[in-house]
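# Chain and residue survey
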Amino acid sequence: MEKSLFQFIWKNSARYQVAILLVTLLSYPVSYILLDLPKTITNEAIQGSNFPVEFWGVQLGQIEYLAVLCILFLVLVVVSNCIKLYLNIYKGRLGERMLRQLRFELFQRVLRFRLPHFKKVSSGEIIPMITAEVEDVGGFVGEAFALPAYQGGMLVVQVGFIFMQDPLLGLAAISLYPVQGYIIPKLQQKVVRLSRQRVKNVRVIADKVGESISGISEIHSNDTSAWHSADLSDRLYRNFRIRFDIYNRKYFIKFVNNFMNQLTPFFFYFIGGYLVIKGQLSIGALIAVIAAYKDLAGPWKELLAYYQMTADVSVKYQTVVENFDPPDLYDKQRLLDDEMQAISGPLTFDKLGLSGVGTGQEVHGVSLVVEPGKPLAVAGIDGSGRAELLQMAAGLLSPTSGSVSINQTNFESMPEATLGRQIAYVGGHLHVWTGTIRDNLFYGLRHRPQETMEYEGSDLKKRQRQLKEAELTLNPFFDLKVRWEDLGQADAGSMQALEDKALELCKVAGFSRDLYLLGVETVIDQSYSEEVNCDLVPNLLAARKAFYEKIKGDASLQNLVEFWDPEKFNMSANLAQNLFFASPKEHFMTIEHVPTDPQISAFLKQTGFDVLLTDIGLKIATTMVELFADVSADSDLLNRYSFISREDLPEFGRIVNEQKGGQRRRLKDADKARLIALALKLIPAKHRLGVLDDEMRDKIVAARAQFIETVGKDNERFEFFDPETYLTTLSIEDNLVFGHARLDRRDARQKIQQVLQELVREQDLIVPIRRAAFDYHVGVAGAKLSSHQRRLICLVRALLKNAHIYILDETANSVSASDKELRADLKKLMSDKIFIFGVSNETVAEEFETAVHLENGRVIER
């Protein structure tokens, strides 16, 4: 990367900067005429006497002449402002474009870092560098040449104009600039040094915060929140001191600048007044000079601010570049090459060594040959060098001596297109991406777009604009909307075949049961299911009917479910579901938001339910406050029986106290909404507070039709409960049951799930539900999955790649029967491939015909 900020700007935007400078030149004559015109209007049009005057061949009287000059002034003002508008928009667009390019280049450099570099720099430091720290660079790029050219030009024009009026006044106007030009850079140097310290300190703060978030469970389990708070507080104090020093110097610079700027008018009034009195200068000229000087302050101030901004942004740019320019960066072409080399034959380790990464992570002179079809176990405890050896075998780590090669081709010379597609690695540190299970399973096949999309009309124009911007900012042209999965690599002819293969491999890996359980909790993407699994929704609706009939037809099951019935109140559902008889399509529409939604609020007022629900909410709040006000914070009673959280209890206590006695205070809108939301959470069968009578329940049931009429049956915000319709906002299980397990029946939910499992097996829906689980969202980095589930997903992802080399470390490495069976299946699957199995358990290693044992980075036994 370019070390200097201006080198980066000029290299990537030279022709745009030249275009800006050319437009800037146009503004100079316009500005000069704008300065001179008021003098002409005052001296010739207002105070003049020789009329009529000739103006561009036309004879004009005094009024006409004044009007023409004023209109000319107005036209020039418009022209001047149009030039400024154009420059500002152009500069802004250029800045954003360069910022996009810079951020992309920094991110690409992150992808080119070697693994050991991530032990020196954390994500907590890298993220703010790419996002916040370079933000100012974008704003500066457009100004880099344009601002000094424009403001400097304006300064020259205005100073020149003053000199044209009177050289003495001109000298007075610029007399203090040399002093300012000497003092201010001296003060600015200290500000630059402080800015550098501030950038580094903020980076450490970001790292500390990120580390605390990652290790939040450790903080709570060890009661070290005070230590971390003190640590961060110390950093914040250091930041405060640095910023305070910067403020002191910045504002002192401002003080010096303002003082000197205000000293100059003294000379104007004194010298200019003397010249006017002596008749050596007209009043119009003096007014014009004073006006010009007033304008002069603007460009000078802008130039000083530019000087400060240049120093500040240059510091940020340089500190960022220092971190993204390590000497051992992978070659850029390694990432960009798309040509995959076909590899075959044995994998050879030749005197492989790794050092300088830390004690317990070294490897010394390992030489091995791994033949296809002859699985190799690499055994060794953590710290034996096992993980590092396997990472070198996967091309993830670069050896410091020796080589890993296949077909006599060193891994170091291979592009990622070959390493990433021909080698499948599942290591100890797993990563599951935020997204669906499908995204994670097929991740290993998404190398490049596999098709092109034909755009038409406005979409075509948008795409062309996107491509143009990508070209200007050196970003890739890839289209994210098309299919990326390389079906050929997985030996699948279609997406459905790919999913079939994924299901088979899930079965091999022992992930099928989890897949089913996740499937029934999945809210399916109906558009995708229509494309790949078009029979799923009709079959689920048929299963719903079968489930209903089975429950109704079996006396032992009849009382387990309260089905949704438009004519009945559901005691096991909350009041919101009972009243609206619908599910919201908007994910942010929680019960807390319901009372403030304009459409629902209008419905509640129209039906009088705003008053009824407020009264119910107040009764509930009163009961909750009385029951739990004195319950200690560590008591489980609140969680078990209250639906008001400990944090909200004081707020409801205040509302209850305000409404006590005969003279109730008028409720604020916020309190009213809080009480309505509380009432809507009530589940009569669970909470049993006795605040609902039969009359109220009948009113709620009767209001459903009115709500449907209010929002419209085919609206885009709600899905109404309809036995004939699949609700896309509910999970598969909720759709199959189409009601609620009765809360007053013990183990009702478990019994219902058993019935459901039998039913879906009879209806041959097990596999479709497992397939639907591909739409299950795994949460941030797979947070909604267990560690076992994450490992199995990573294993299936690797198996789908159909690679030539498989390296599994700490996967299925226990002596349990299931893991032993999985290892046997994996050996069969990889009978013609290179298979290296890393394990710390010696007993497991003995299952393999060939095994090596590592200790302190050396092979001690074969």
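Relevant structure appears above.
An account of the accompanying structure is given in this report. Note that the structure is predicted; figures quoted are calculated from it, not measured.

Here is what the cut-offs are and how they apply
Residues numbered from 1 in each chain as written. Predicted model: local features only at pLDDT ≥ 70, side-chain atom pairs only at ≥ 80, totals over all residues. Heavy atoms only, no water. Helix = DSSP H or I, 4+ residues; strand = E, 2+ residues; numbered from the N terminus. Rg over C-alpha atoms; globule rule 2.2 N^0.38 Å. Buried < 20%, exposed > 50% of the residue type's maximum accessible area, 1.4 Å probe, protein only. Contact = heavy atoms within 4.5 Å. Areas by Shrake-Rupley, 256 points an atom, 1.4 Å probe, with all protein chains shown as cover. Lys, Arg positive; Asp, Glu negative; His and termini not counted. Charge placed at Lys NZ, Arg CZ, Asp CG, Glu CD. Axes fitted to C-alpha atoms, helices over the stretch in contact; angles between N-to-C directions. Left-handed = near helix turned anticlockwise from the far one by under 90°. Nonpolar A, V, L, I, M, F, W, Y, C, P; charged D, E, K, R; others polar. Core = buried A, V, L, I, M, F, W, Y, C linked by side-chain atoms within 4.5 Å. Patch = residues over 30% accessible without salt bridge, like charges linked within 9 Å, V, L, I, M, F, W, Y side chains within 5 Å. Salt bridge = Lys/Arg side-chain N within 4 Å of Asp/Glu carboxyl O. Pairing = 2+ DSSP bridges. Expected span 1.5 Å × (residues − 1). Disulfide = S-S within 2.5 Å. Parallel < 35°, antiparallel > 145°, perpendicular 65-115°, else oblique. Phe/Tyr/Trp six-rings, centres within 6.5 Å; stacked < 30°, edge-to-face > 60°. Lys NZ or Arg CZ within 6 Å of the ring centre and 35° of its normal.

### Here's the deal with the overall build of the chain
When its secondary structure is counted, the chain shows 33 helices and 16 strands. Computed over its C-alpha atoms, the radius of gyration of the chain comes to 38 Å, more than 25% above the 29 Å expected for a compact globule of 862 residues. Buried residues in the chain amount to 47% of all 862 residues. Long-range contacts, defined as pairs at least 24 residues apart, comprise 77% of the intrachain contacts of the chain with a sequence gap of at least 6. Carbon together with sulfur atoms contributes 54% to the accessible area of the chain, which is approximately 44,400 Å² in total. In the chain, 99 positive and 107 negative side-chain charges are present, and the distance between their average locations comes to 5 Å.

### Some points on the packing of helix H22 (residues 609–628) against helix H24 (residues 649–658)
Relative orientation of the contacting elements H22 and H24 amounts to 115 degrees, with a least axis distance of 9 Å. Our pair here, H22 against H24, has a crossing hand that is left-handed. Two secondary-structure elements touch here, H22 through Leu618, Ala621, Thr622, Met624, Val625 and Phe628 and H24 through Leu649, Phe652, Gly653, Ile655 and Val656. Across the contact of H22 with H24, the residue classes tally to nine nonpolar, two polar and no charged.

### A few points about the nonpolar core
When a protein is soluble and globular, its nonpolar side chains tend to lie buried together. Ranked by size, the top nonpolar core spans 49 residues in total, and within it Ile437, Leu441, Leu498, Leu515, Tyr806, Leu826 and Phe835 carry the most contacts. Per-element accounting of this core gives the leading share, eight residues, to helix H31 (residues 787–800).

### Describing a nonpolar patch on the surface
Residues Trp10, Val18, Leu22 and Leu25 make up a contiguous nonpolar surface patch of about 380 Å² in total accessible area. Among the structural elements, valine 18 can be located in helix H1 (residues 5–46).

### Overview of the sheet that holds strand S6 (residues 401–406)
Ordered in space as S4-S3-S6-S7, the four strands form an open sheet in which the pairing is antiparallel. One side of each edge strand has no neighbouring strand; the edge strands of this open sheet are strand S4 (363–370) and strand S7 (409–410). Of the pairings in the sheet, the one linking strand S3 (residues 347–354) to S6 comprises five bridges and is antiparallel in character. In the sheet register, leucine 347 faces S6, and the bridge partner there is isoleucine 406. In the packing of helix H12 (residues 386–393) onto the sheet, the strands contacted are S3, S4 and S6, and the crossing angle to S3 comes to about 130 degrees.

### Regarding H31
The terminal C-alpha atoms of H31, which comprises 14 residues, lie 20 Å apart, in line with the 20 Å expected from a rise of 1.5 Å per residue. Those residues of H31 that fall on the buried side of the exposure criterion are Gln789, Arg791, Leu792, Ile793, Cys794, Leu795, Val796, Arg797, Ala798, Leu799 and Leu800. Structurally, H31 contributes buried residues whose contacts are with strand S8 (423–426), helix H14 (437–441), helix H16 (495–509), helix H17 (512–520), strand S13 (805–809) and helix H32 (817–829). Just past H31, the residue asparagine 802 takes up positive phi, approximately 55 degrees.

### Here we look at the state of the cysteines
Tallying each qualifying case throughout the model produces zero disulfides. Here cysteine 82 is not disulfide-linked; the sulfur of cysteine 70 is the nearest cysteine sulfur, at 20 Å. Left without a disulfide partner, cysteine 794 is nearest to the cysteine sulfur of cysteine 506, which lies 12 Å away.

### Remarks on the packing of H22 against helix H27 (residues 694–711)
Close contact between H22 and H27 brings their axes to 12 Å; oriented N to C, the two are set at 140 degrees. The angle between the axes of H22 and H27 places the two elements in the oblique class. Judged by the sense of rotation from one axis to the other, the crossing of H22 with H27 is left-handed. For the pair H22 and H27, the contacting residues are Phe609, Leu612 and Ile616 in the first and Met696, Lys699, Ile700 and Ala703 in the second. Residues that form the contact of H22 with H27 fall into these classes: six nonpolar, no polar and one charged.

### Observations concerning the pattern of salt bridges
This model, assessed by the stated rule, comprises 43 salt bridges. Of the charged contacts in the structure, one is a salt bridge between lysine 550 and glutamate 762, with a shortest N-O distance of 3.8 Å. Placement of lysine 550 in helix H19 (residues 536–553) and of glutamate 762 in helix H29 (residues 748–762) is noted, with a sequence separation of 212 residues between them. Here glutamate 762 falls in the exposed class, since its relative accessible area comes to 57%. Among the charged side chains, a salt-bridge network with shared partners connects Arg438, Glu499, Asp500, Arg771 and Asp775.

### Regarding the packing of aromatic side chains
With the rule as written, the count across this model stands at 32 aromatic pairs. When the centroid spacing of 6.1 Å and the interplanar angle of 35 degrees are considered together, the rings of tyrosine 237 and phenylalanine 240 count as tilted. With tyrosine 237 and phenylalanine 240 both in helix H9 (residues 225–277) and three residues apart, this pair spans about one turn of that helix. Note on phenylalanine 240: relative accessible area 45%, which makes it partly exposed. Here phenylalanine 547 and phenylalanine 563 contribute two aromatic rings whose centre-to-centre distance is 6.3 Å and whose plane-to-plane angle is 70 degrees, an arrangement assigned as edge-to-face. Here phenylalanine 547 is found in helix H19, whereas its partner phenylalanine 563 is found in strand S9 (residues 561–563), with 16 residues between them in sequence. Of the residues examined, phenylalanine 547 reaches a relative accessible area of 0% and is grouped as buried. Joined through ring pairs, the aromatic side chains of Phe6, Trp10, Phe140, Phe145 and Tyr306 make up one cluster. Between arginine 97 and the ring centre of tyrosine 16, over which it is positioned, the NZ or CZ distance is 5.8 Å.

### Structural notes on the environment of glycine 353
Checked against the element boundaries, glycine 353 lands in strand S3. Glycine 353 sits in the buried class, given a relative accessible area of 3%. A C-alpha to C-alpha distance of 6.8 Å links glycine 353 and valine 366, two positions 13 residues apart in sequence. Setting aside chain neighbours within four positions, we find glycine 353 in contact with Val363, Gly365, Met392, Pro399, Thr400 and Ser401.

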